Amino acid sequence: MRLKIQIMVENTTPSPKLRGEYGFAAWLEVDDTIILFDTGSQEALLYNAQALKLDLNQIDKVVLSHGHFDHTGGLLPLIQQNGAVEVYAHPGIFIRRYSRAGEHLRNIGCSFSLDDLNQAEIKFVPTENFTEITTGVYVSGRVPRNTAFETAGGDFVKESDGEMVADDIDDDMFLVIDHPEGLIIISGCAHAGIVNTIQYARQVMGKTLIKAFIGGTHLMTASEDRLTKTISFLKTAAIEKLIVCHCTGFTAAAKLHQHLPGVIKGESGMIFNF
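This one's a predicted model, so the numbers in the text were calculated from it and none came from an experiment.

Student: Hey, could you run me through the sheet that holds strand β4 (residues 61-63) in this one?
Tutor: Sheet strands line up and pair through hydrogen bonds in the backbone, either parallel or antiparallel. Within the open sheet, the seven strands sit side by side as β8-β5-β4-β3-β2-β1-β18. Their pairing is mixed. Single-partner strands in this sheet number two, and they are β8 (123-126) and β18 (271-273). For this sheet the average axis-to-axis angle between neighbouring strands, irrespective of direction, equals 20°. With five bridges joining them, strand β2 (residues 25-30) and strand β3 (residues 33-37) adopt antiparallel strand pairing. When the sheet's bridge partners are listed, V30 is paired in β3 with T33.

Student: What should I look at first to understand unusual backbone geometry in this one?
Tutor: Generally, phi is negative for residues other than glycine and the peptide bonds are trans, each holding for most cases. Positive phi, normally seen in glycine, also occurs at D31, with a value near 55°. Along the chain, D31 turns up in the loop between β2 and β3. In this structure D31 comes out as partly exposed when scored by relative accessible area, which is 36%. Unlike most non-glycine residues, D38 shows phi in positive territory, near 70°. Relative to the helices and strands, D38 resides in the loop between β3 and α1 (44-51).

Student: Even after reading the chapter, I still don't get the environment of I133, so can you show me in this structure?
Tutor: Mapped onto the fold, I133 is located in strand β9 (residues 131-134). With 45 residues separating them along the chain, I133 and Y88 place their C-alpha atoms 8.7 Å apart.

Student: Mind showing me how you'd approach the packing of helix α5 (residues 194-205) against helix α6 (residues 224-237) here?
Tutor: Any two packed helices are characterised by the angle at which their axes cross and by the distance between the axes. It is at 10 Å that the axes of α5 and α6 come closest, and there the two elements cross at 30°. Classified by the interaxial angle, the pair formed by α5 and α6 is roughly parallel. Relative to α6, α5 is oriented so that their crossing is left-handed. Contact residues: I194, V195, I198, Q199 and R202 in α5; T230, F233, L234 and A237 in α6. The residue makeup of the contact of α5 with α6, split by class, is six nonpolar, two polar and one charged.

Student: What is the right way to look at the packing of α6 against helix α7 (residues 250-259) in this model?
Tutor: The geometry of α6 relative to α7 is characterised by a closest axis approach of 11 Å and an angle of 35° between their N-to-C directions. Considering only the axes of α6 and α7, their crossing is right-handed. Here E224, L227, I231, L234 and K235 of α6 lie close against α7, whose contacting residues are A252, K255, L256 and H259. Residues that form the contact of α6 with α7 fall into these classes: five nonpolar, one polar and three charged.

Student: Before we go on, may I ask you to explain the packing of aromatic side chains in this structure?
Tutor: What characterises a pair of aromatic rings is the spacing of the ring centres plus the angle enclosed by the ring planes. Taken as a whole, this structure holds six aromatic pairs when the rule is applied. Taken together, a centroid distance of 6.2 Å and an interplanar angle of 75° make the contact between F94 and F112 edge-to-face. Here the residue F94 occupies a position in the loop between β5 (86-89) and β6 (97-101), and F112 occupies one in the loop between β7 (104-107) and α4 (114-119), the gap between them amounting to 18 residues. Note on F94: relative accessible area 22%, which makes it partly exposed.

What counts, and at which threshold
- Residues numbered from 1 in each chain as written.
- Predicted model: local features only at pLDDT ≥ 70, side-chain atom pairs only at ≥ 80, totals over all residues.
- Heavy atoms only, no water.
- Pairing = 2+ DSSP bridges.
- Helix = DSSP H or I, 4+ residues; strand = E, 2+ residues; numbered from the N terminus.
- Axes fitted to C-alpha atoms, helices over the stretch in contact; angles between N-to-C directions.
- Buried < 20%, exposed > 50% of the residue type's maximum accessible area, 1.4 Å probe, protein only.
- Parallel < 35°, antiparallel > 145°, perpendicular 65-115°, else oblique.
- Left-handed = near helix turned anticlockwise from the far one by under 90°.
- Contact = heavy atoms within 4.5 Å.
- Nonpolar A, V, L, I, M, F, W, Y, C, P; charged D, E, K, R; others polar.
- Phe/Tyr/Trp six-rings, centres within 6.5 Å; stacked < 30°, edge-to-face > 60°.

Purely geometric numbers; function is a separate question.
Here you go:
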């Protein structure tokens, strides 16, 4: 298997030729298939693709990890510039959802609907369950929530039957690659929890060795208890590369780096070859 993963959108970048943007997107070349995982929040995807000399017309499939603006916001600009793509996502991404601070609600959902994708003649593939999208590459579908200490990571709410109810972000998904040297997990935010994410990847793949975990972990709001239990689990997981991005947060990233080997802060432009 030939595998190249390049972070295209991330909160920060050390390169003056690239843009940092709140969100996440990764370009994957898996043998002859090109997959875009998430799209960032606005137009950094297009800007950085041009700077990195990546031809967005070559994308075969787009996978959206969940229905938040910072992972889906770049999809329509991509479509408008480059035309039709095949999009894999949980059907729940279109729910109207918000982040609550006191009595104030902030819209953090998708900026497009299923009708918008249909009008643009986009093939939308609803992916609720574990699904192989190309040889050796799988979309998780909904991730079971089995840990007692992991939460979605914020005061999130969604519209349901005209009312606002708690949003556990059940549409959260990850990508897993069956690499000969171990599993490689790509995460948008891991709202299901990084521990639940890794445990489910091992379960569905029937393998325990993790070569790399790349992406968001949503530990930015984690309590000390959750961080301690997460680090304890990750010590036993023995992940060769843990590239933490986006919603991990400074404190959590620093603690992970302090207690675990192989921890890297992800940045726009980084390339990983496996």
